Amino acid sequence: MARTLITSALPYINGIKHLGNLVGSQLPADLYARYRRARGDEVLFLCATDEHGTPAEIAAQKAGKPVAEYCAELHEVQAEIAAGFRLSFDHFGRSSSEQNKILTQHLATKLAESGLIEVIEETQVYSVTDGRFLPDRYIEGTCPNCGYDSARGDQCDNCTKQLDPTDLINPHSTISGATDLETRATKHLYLKQSNMRGALSEWIESKTDWPVLTTSIAKKWLNDGDGLQDRGITRDLSWGVPVQYDGAPWTGMDGKVFYVWFDAPIEYIACGAEWAAKQGFDDAAWERWWRTDKGADDVRYVQFMGKDNVPFHTLSFPVTMLGSNEPWKMVDYIKSFNYLNYDGGQFSTSRGRGVFMDQALSILPPDYWRWWLLSHAPESSDSEFTWENFQSSVNKDLADVLGNFVSRITKFCRSKFGEEVPAGGDYGDQERALIADLTEKVADYQSHMDAIDVRKGANALRAIWVAGNEYLQSAAPWSTFKEDPELAAMQVRMGLNLIGLYARLSSPFIPDTSGKLHTALALDTLDWPEDVAACLSSLTPGHTFVVPDNLFAKISDEDREDWQEKFAGTRS
RNA sequence: GGCGGUGUAGCUCAGUUGGUUAGAGCAGCGGAAUCAUAAUCCGCGUGUCCGGGGUUCGAGUCCCUGCACCGCCA
């Protein structure tokens, strides 16, 4: 049995993500996971919250809660919303887990043994009032260049001049407003990524089948300017994986933690360990996915992420994996996405612009969102969400093409033959032609799904739905019924079987709807229709069903205008 | 400032290694049908493929350049 390991970029803990974040990683990852499972693969689909770092500490502080408690709560919130979108993670873990701590410390040790860690002393701004070192962007003051009074420590937003925090006039902490800032010397561990440049370059060059978006970003970082830079992997914080521990190959790192970008990707692996522990399995259960010396050789590992995450997945994390000199399973394919814009601008978490995951679910069921987002996934370039487009796509594709198809055939059957598959007649030329056409269309659909071409997959699926309406329109059982009820019965039987086919093929995109059809038609299975002809004969005369409620209500102009207004401004 | 991306029908987007009259969905127009959520099906597109140069027998597709928008980096 083929085995597929799938990970989605980890959503950061400090709040609810917007639809742009969702469509860039978790949702397409789920689509692919569902598809691979349907095709019979053994799948392990992992995701987790990314919980460490300064933003989490500050968010917790604002909420007036200990950071651990804050993260635990937000993790539950995110998990619940993920479930709301039907994201089928085998495990939704936490980067703050014990497993991740152990693994992060282990890998840091291995990297040190490989000579890839060095200790560097540098100066950073310390806020006495806040009791912490401040990242550059949390320091503001007057720009020495243009006089703008809210220039950040890394850059002036007004004149765009790049700054050093110590350049600022009258600097203060944006966390507390404190002005008692001082520069202090502090030591940090650096990961010598530059030493691995050759190995990384070779590895990336070998990935000729990757999307250009992925490889162009990777190569740019690898080759531009002075090439790949070494990066600090520790920070002076309390919330995170401790850098100093028993057996650490360095000293003097007390009170420091690993920088979030270092431990977050390691959570992909640790998440597997969390999953195994939760299932009551032993280590071998997750190691067969993650260690090539323990059975992961035949695993195909696919990662999903937005383009902003590509450097970490093509360079930093691989440095950790390769540099450890241990046989970790490396990623086989990286599917990356561009950005989804919102109505002429960007989605903005800070300004609350756009639709956030919880809000989306509060106004419509998940399948509406899944369908629109996936059929408009920003694959080749940034794409745009507008309410008009959302309304027309959803109404047309889901309500009219698919929903109405189910409605018209089941209701016609009920009125003429009752709620059971009618007997009589045999499939003829027209049906054989339809089967041949659908067999071809399903193969086309599968080829796009195999290639993880999300939009093309959606288009192909839609074409399959359309084929049912074309058939029904030309077979016209409502006409043939008058002269030849047996013929009409056979045509209706085909129509009902088409619903069964659609329920199976559509499940990766719109799982709830597939479930409804499964129940209404009393299908014995939602297995993939490897044999289209057989699938279209699987509902036999006498099989009873129930006419389902309309699958999709249409979005009215009033709703659309309402939402347009509601989500334009600031998140309430 | 450096780098990268994008710019194709009213809208959202496809267009593989350059090759016949540039495509899909939606919207619009005309028709058929009336089983169905006025839902479906059929037919209809002369679009300076952002502008300007160039390479080529031939360019949306390669090169140079200008413009616009968007990112990333320093």
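As the structure is a prediction and not an experimental result, all values here were calculated from the model.

## A closer look at the UniProt feature "binding site: ATP" (unreviewed entry) in chain A
UniProt records the feature "binding site: ATP" (unreviewed entry) at Thr349, using the numbering of this structure. Thr349 gets classed as partly exposed once you look at its relative accessible area, which sits at 47%. If sequence neighbours within four positions are ignored, Thr349 has contacts with His18 and Phe356.

## Quick look at the sheet that holds strand β16 (residues 345–346)
Spatial strand order, β16-β15-β17: three strands in an open sheet with mixed pairing. Of all the strands in the sheet, just β16 and β17 (383–385) have a single pairing partner and so form its edges. In this sheet, β17 lies alongside strand β15 (residues 340–342) in parallel orientation, the contact comprising three bridges. Bridged to Tyr342 within β17 is Phe385.

## Details of the state of the cysteines
By definition, a disulfide links the sulfur atoms of two cysteines through a covalent bond. Taken as a whole and judged by the stated rule, the model has zero disulfides. Free of any disulfide, Cys71 has its nearest neighbouring cysteine sulfur in Cys47, separated by 15 Å. Just so you know, Cys271 is unpaired, no disulfide at all, and the nearest cysteine sulfur is the one on Cys47, 7.4 Å from it. The buried category is assigned to Cys271, whose relative accessible area is 2%.

## A few points about the environment of Glu565
Turning to its location among the elements, Glu565 is positioned in helix α19 (residues 557–566). By relative accessible area, Glu565 is classed as exposed at 64%. C-alpha of Glu565 to C-alpha of Pro249: the two residues are 316 residues apart in sequence and 57 Å apart in space.

## Focus on the protein's contact with RNA strand B
Near RNA strand B there are 33 residues, and of these Gln346, Ser380, Lys396, Asn404 and Arg408 occur at the shortest range. In the interface set of RNA strand B, defined as its atoms within 4 Å of the protein, sugar plus phosphate atoms amount to 77%. A distance of 3.5 Å separates a phosphate oxygen of RNA strand B from a polar side-chain atom of Lys456. One of the side-chain N or O atoms of Lys554 is found 2.8 Å from a sugar or linking oxygen in RNA strand B. Looking at the surface near RNA strand B, its residues break down into six nonpolar, 14 polar and 13 charged.

## Examining helix α16 (residues 485–506)
Its 22 residues give α16 an end-to-end C-alpha distance of 31 Å, which sits within 8% of 32 Å, the value for a rise of 1.5 Å per residue. Where burial is concerned, most of α16 is hidden: 19 out of the 22 residues are buried.

## Structural notes on the domain arrangement of chain A
Looking at the assigned domains, one finds that chain A contains domain 1 (3–114 + 261–337), domain 2 (117–191) and domain 3 (366–544). Using only C-alpha atoms to locate each centre, domain 2 and domain 3 end up separated by 59 Å.

## A few points about the packing of helix α13 (residues 429–450) against helix α14 (residues 454–475)
A pair of packed helices is captured by two measures, namely the crossing angle of their axes and the spacing between those axes. At their nearest, the axes of α13 and α14 sit 8 Å apart, and the two run at 170 degrees to each other. Judged by the inter-axis angle, α13 sits roughly antiparallel to α14. Mapping the contact onto sequence places Gln430, Glu431, Leu434, Asp437, Leu438, Lys441, Val442, Asp444, Tyr445, His448 and Met449 in α13 and Lys456, Gly457, Ala460, Leu461, Ala463, Ile464, Ala467, Tyr471, Ser474 and Ala475 in α14. Looking at side-chain class alone, the contact of α13 with α14 contains 12 nonpolar, four polar and five charged residues.

## Overview of the nonpolar core
With 160 residues, the main nonpolar core has Trp250, Trp290, Trp369, Trp387, Phe390, Leu498 and Phe509 as its most contacted residues. The leading source of residues in this core is helix α12 (residues 387–417), at 12 residues. Discounting residues that sit within four places of it in the chain, Trp290 has contacts with Leu5, Thr7, Leu46, Tyr268, Ile269, Gly272, Ala296, Tyr301, Pro327, Trp328 and Lys329. Of all hydrophobic cores here, the second largest spans 11 residues; its members include Tyr12, Ala56, Cys71 and Leu74.

## Notes on the pairing of strand β14 (residues 333–337)
Counting buried residues along β14, five of its five residues qualify, which places the element largely inside the surrounding structure. Side chains Tyr333, Lys335 and Phe337 of β14 all project onto a buried face; the interleaved residues Ile334 and Ser336 project onto the opposite face, where all are buried too. Relative to β14, strand β13 (residues 299–306) runs parallel, the two being bridged by five bridges. Following the sheet pairing, Met305 is matched in β14 by Ser336. In this view, the connection linking β13 to its parallel neighbour β14 by way of helix α9 (residues 310–323) has right-handed handedness.

## A look at the confidence of the model for chain A
Should pLDDT be low for a region, the predicted coordinates there are not to be read in detail. Residues with a pLDDT of 70 or more make up 96% of chain A, whose mean pLDDT is 89. Across the interfaces of the predicted complex, the ipTM metric reaches 0.88, alongside a pTM of 0.93.

## Here we look at the layout of surface pockets
The calculated volume of the second largest pocket comes to roughly 250 Å³. Elements with a minimum of two residues in the lining of the second largest pocket: α4 (98–113), α7 (260–279) and α8 (283–290). Sort the elements by how many residues they give to the lining of the second largest pocket and α4 lands first, with five residues. Here the residues of the lining of the second largest pocket sort into seven nonpolar, two polar and five charged.

## Digging into α14
With 22 residues, α14 extends 32 Å from end C-alpha to end C-alpha; this agrees with the ideal 32 Å at 1.5 Å per step. Just downstream of α14, Ala476 is the residue with a positive phi angle, here 50 degrees.

Definitions and limits used
- Residues numbered from 1 in each chain as written.
- Chains lettered and ligands numbered in written order.
- Predicted model: local features only at pLDDT ≥ 70, side-chain atom pairs only at ≥ 80, totals over all residues.
- Heavy atoms only, no water.
- UniProt positions renumbered as here; feature names shortened; annotations may be inferred.
- Buried < 20%, exposed > 50% of the residue type's maximum accessible area, 1.4 Å probe, protein only.
- Contact = heavy atoms within 4.5 Å.
- Pairing = 2+ DSSP bridges.
- Helix = DSSP H or I, 4+ residues; strand = E, 2+ residues; numbered from the N terminus.
- Disulfide = S-S within 2.5 Å.
- Near = heavy atom within 4 Å.
- Polar contact = N/O pair within 3.5 Å; in protein donor to acceptor, adjacent residues only side chain to side chain.
- Nonpolar A, V, L, I, M, F, W, Y, C, P; charged D, E, K, R; others polar.
- Expected span 1.5 Å × (residues − 1).
- Domains from an automatic or database assignment.
- Axes fitted to C-alpha atoms, helices over the stretch in contact; angles between N-to-C directions.
- Parallel < 35°, antiparallel > 145°, perpendicular 65-115°, else oblique.
- Core = buried A, V, L, I, M, F, W, Y, C linked by side-chain atoms within 4.5 Å.
- Right-handed = clockwise from strand over helix to strand, strands pointing away.
- pLDDT = per-residue confidence, 0-100.
- 1 Å grid on protein atoms, 1.4 Å probe; cavity = no way out; pocket = protein on both sides within 12 Å on 5 of 7 lines; lining within 4 Å.
- Points joined across faces, edges and corners; volume = space filled by probe spheres on them.

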